Amino acid sequence: MTEATQIGPVERKRLLRSSFLFSDLPDEMLDRLTSLSTTRRLDRGELLFSRGDDGDALYAVVAGLIRIWISSEGGKELILGLMEPGDAFGEIALLDGLPRTASATASEDSVLLLIRRDQFLDFLTRDSGLARHVIELLCERLRGNTTMLAEFAFSDLRARLARRLEALAVGHGRRTAAGTEVGLKLSQSELANMLGVSREAINKQLAAWSQEGILALRQGRIVILDAARLGQFRDNS
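Residues numbered from 1 in each chain as written. Predicted model: local features only at pLDDT ≥ 70, side-chain atom pairs only at ≥ 80, totals over all residues. Heavy atoms only, no water.

(A) Representation of the sheet that holds strand 5 (residues 77-83) within the structure. The strand order across the open sheet built from four strands is 2-7-4-5, with neighbouring strands paired in antiparallel fashion. Here the strands that pair on one side only, and so sit at the sheet edges, are strand 2 (47-49) and strand 5. Taken pair by pair, the neighbouring strands of this sheet meet at an average axis angle of 30°, ignoring direction. Here strand 2 runs beside strand 7 (residues 103-106); their pairing, made up of two bridges, is antiparallel. By the bridge assignment for strand 7, Phe-49 is matched with Ala-104. (Pairing = 2+ DSSP bridges. Helix = DSSP H or I, 4+ residues; strand = E, 2+ residues; numbered from the N terminus. Axes fitted to C-alpha atoms, helices over the stretch in contact; angles between N-to-C directions.)

Shown next as structure tokens:
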């Protein structure tokens, strides 16, 4: 489904400012970018783009949930990120126009805001201030990616899983009498795909933490019962 959805300029501007490329732009410059944006709707399960497709746009999530993923030749999937309302993605492809390095699929019915690459580059060539801003932020993103790579390479499963659960609790958590319930209903296979490990490894670790009273598994959702103890695994990696 690709019909247009009307979103006012204030909301469009807020969504674009959520992108790391545009977060510190002056209002006047961001207003001009906002005027270039359009919208798109996706049904649950609909593919937005595939790995190898032309990088032709930047996207921001208005509503729904977008799964960013890659797969091996054998079909094993690794989830790189879950984009929720307010998140933006596709910034690198917006600049270099090279093929997409990952695929994106709607995990729920979703509405996206987008800016086409050709329009953005025309704006970029006419405004040196924006070009300088983009260069600085790309350097910042590269430093952050180096930190993430080191964490992935040198942290054990418990530390990586603890960090992932904490991040999910921040982004999707709901306070209950027992603790913080992660609002997303994620399967153990999906958690495993986020961390690049087997489902069995995730099952074993979640079961151990459940027995220790750190978390509980309730109808497909994870409830963090003892955030402090979970944080110890993150800090002791």
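After that view, the rundown keeps rolling.
(B) Molecular detail of the confidence of the model for the chain. Here the chain averages 83 in pLDDT, while 89% of its residues score no lower than 70. Looking at the elements of the chain, mean pLDDT is at its lowest for helix 5 (residues 128-154), recorded as 68, and at its highest for strand 2, recorded as 96. (pLDDT = per-residue confidence, 0-100.)

(C) Structural detail: helix 7 (residues 188-195). Where helix 7 is concerned, the buried positions are Leu-191, Ala-192, Asn-193, Met-194 and Leu-195. Directly after helix 7, the chain includes Gly-196, whose backbone phi takes a positive value near 70°. (Buried < 20%, exposed > 50% of the residue type's maximum accessible area, 1.4 Å probe, protein only.)

(D) Main features of the packing of helix 6 (residues 157-172) against helix 7. Taken N-terminus to C-terminus, the directions of helix 6 and helix 7 make an angle of 110°; their axes are 11 Å apart at the nearest point. Between helix 6 and helix 7, the interaxial angle falls into the category roughly perpendicular. Note on packing geometry: the crossing formed by helix 6 with helix 7 is right-handed. For the pair helix 6 and helix 7, contact is made by Leu-157, Arg-160, Leu-161, Arg-164, Leu-165 and Leu-168 and by Leu-191, Met-194 and Leu-195, respectively. (Parallel < 35°, antiparallel > 145°, perpendicular 65-115°, else oblique. Left-handed = near helix turned anticlockwise from the far one by under 90°. Contact = heavy atoms within 4.5 Å.)

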